[in-house]
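Observations on the model geometry
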Amino acid sequence: SIGNLMRLKEVFFDNNGLTGQIPSTIGFLKELEKLDLYDNELSGSIPKEISDMSSLARFWASKNNLNGLIPSEIGLMSDSLVHFCVNHNSLEGTIPNKLSNLWKMHTLCLEHNRLTGRFFENNIADMKNMVYLYMDNNDLSGSIPGSIKRLKFLKEMTLHKNKLYGTIPDAIGYLSRLTKIL
C-alpha cells in the first residue's frame, strides 16, 4: 500500500482518471508535504488519518466525487497545513470548528459542496494568514461578522450562492489587500 512509502515528500496524481477511495494508510506518510489528487474520480470520504501526516502543507482533492464530512481532525494540523482545497465535491455537514486552529492556512477552498451551518460559527477569522478563502455555492447561513477584519492578508473571498444575511460589515474596509469579493 502507499502507506509503506515512508520517505515520500510529494505525490502528484492530479488530472487522471483515478477511482476508489483515499486509503486511510495515507496517514503513515509522515514526511509527505504535498498531496495533489484533484481532478480524478475518487469517491468516499476524506480519511481522518490525514491528520497523522505531520508534514503535510498542501492537500488538494478538488474535482472528485468525495462525500461525507470534513474530518475535524484536520484542525490538529496547525503546524503544517497551509493549503486545503476540496472544492467541487459532495462534502456535507458543517465546517469543523477545529479548522480555526489552522493559523498557517493560506488557501481554503470549500466551494461547490453541500456544506451547511453558520458561516463564521467556526471562527475562520482566527486563520490570520488567510489569503484565499473560497466558500461559494454551498448552503452556509449567517452573517459576515466584524471579526473578518482580522484576515488582514485576504486577497480573494467568494461567498456567493449561500444563505448569508444581514449587512455588509464596515470591517470589510480594513481588508486593504482584498482584490476580489463575490
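Residues numbered from 1 in each chain as written. Predicted model: local features only at pLDDT ≥ 70, side-chain atom pairs only at ≥ 80, totals over all residues. Heavy atoms only, no water.

Attention shifts here to the pairing of strand β6 (residues 65-68). Residues Leu66 and Gly68 of β6 are buried on one face, while the alternating residues Asn65 and Asn67, pointing to the opposite face, are not. Bridge analysis of strand β4 (residues 41-44) against β6 gives two bridges, and the strand direction is parallel. Within β6, the residue paired with serine 43 across the bridge is asparagine 65. Bridge analysis of β6 against strand β8 (residues 90-94) gives two bridges, and the strand direction is parallel. Residue glycine 68 lies in a different strand from β8, and its bridge partner there is leucine 91. (Buried < 20%, exposed > 50% of the residue type's maximum accessible area, 1.4 Å probe, protein only. Helix = DSSP H or I, 4+ residues; strand = E, 2+ residues; numbered from the N terminus. Pairing = 2+ DSSP bridges.)

One open sheet accounts for seven strands, arranged β2-β4-β6-β8-β10-β12-β14; its pairing is parallel. Edge positions in the open sheet fall to β2 (19-21) and β14 (163-164), since each of these has one partner strand only. Direction of pairing for strand β10 (residues 114-118) relative to strand β12 (residues 139-142): parallel, over a ladder of three bridges. Residue pairing for β12: glycine 117 is matched across the bridge by leucine 140.

Ordered by their spatial adjacency, eight strands build an open sheet running β1-β3-β5-β7-β9-β11-β13-β15, and the pairing between neighbours is parallel. Edge strands, defined here as strands with exactly one partner in the open sheet, are β1 (10-12) and β15 (180-181). In this structure, strand β3 (residues 34-36) lies alongside strand β5 (residues 58-60), joined through three bridges in parallel fashion. Bridge pairing in β5 links lysine 34 to arginine 58.

Right, let's get into the pattern of salt bridges. Throughout the structure, instances matching the rule amount to five salt bridges. A salt bridge links lysine 9 to glutamate 31, with the shortest nitrogen-to-oxygen separation between them at 3.4 Å. One end of the pair, lysine 9, is in the segment before β1; the other, glutamate 31, is in the loop between β2 and β3, with 22 residues separating them in the sequence. Residue lysine 9 is classed as partly exposed on the basis of its relative accessible area, which comes to 39%. Here glutamate 31 falls in the partly exposed class, since its relative accessible area comes to 35%. The shortest N-O distance in the salt bridge between lysine 163 and aspartate 139 comes to 3.2 Å. Residue lysine 163 is found in strand β14, and its partner aspartate 139 is found in strand β12; the two are separated by 24 residues along the sequence. (Salt bridge = Lys/Arg side-chain N within 4 Å of Asp/Glu carboxyl O.)

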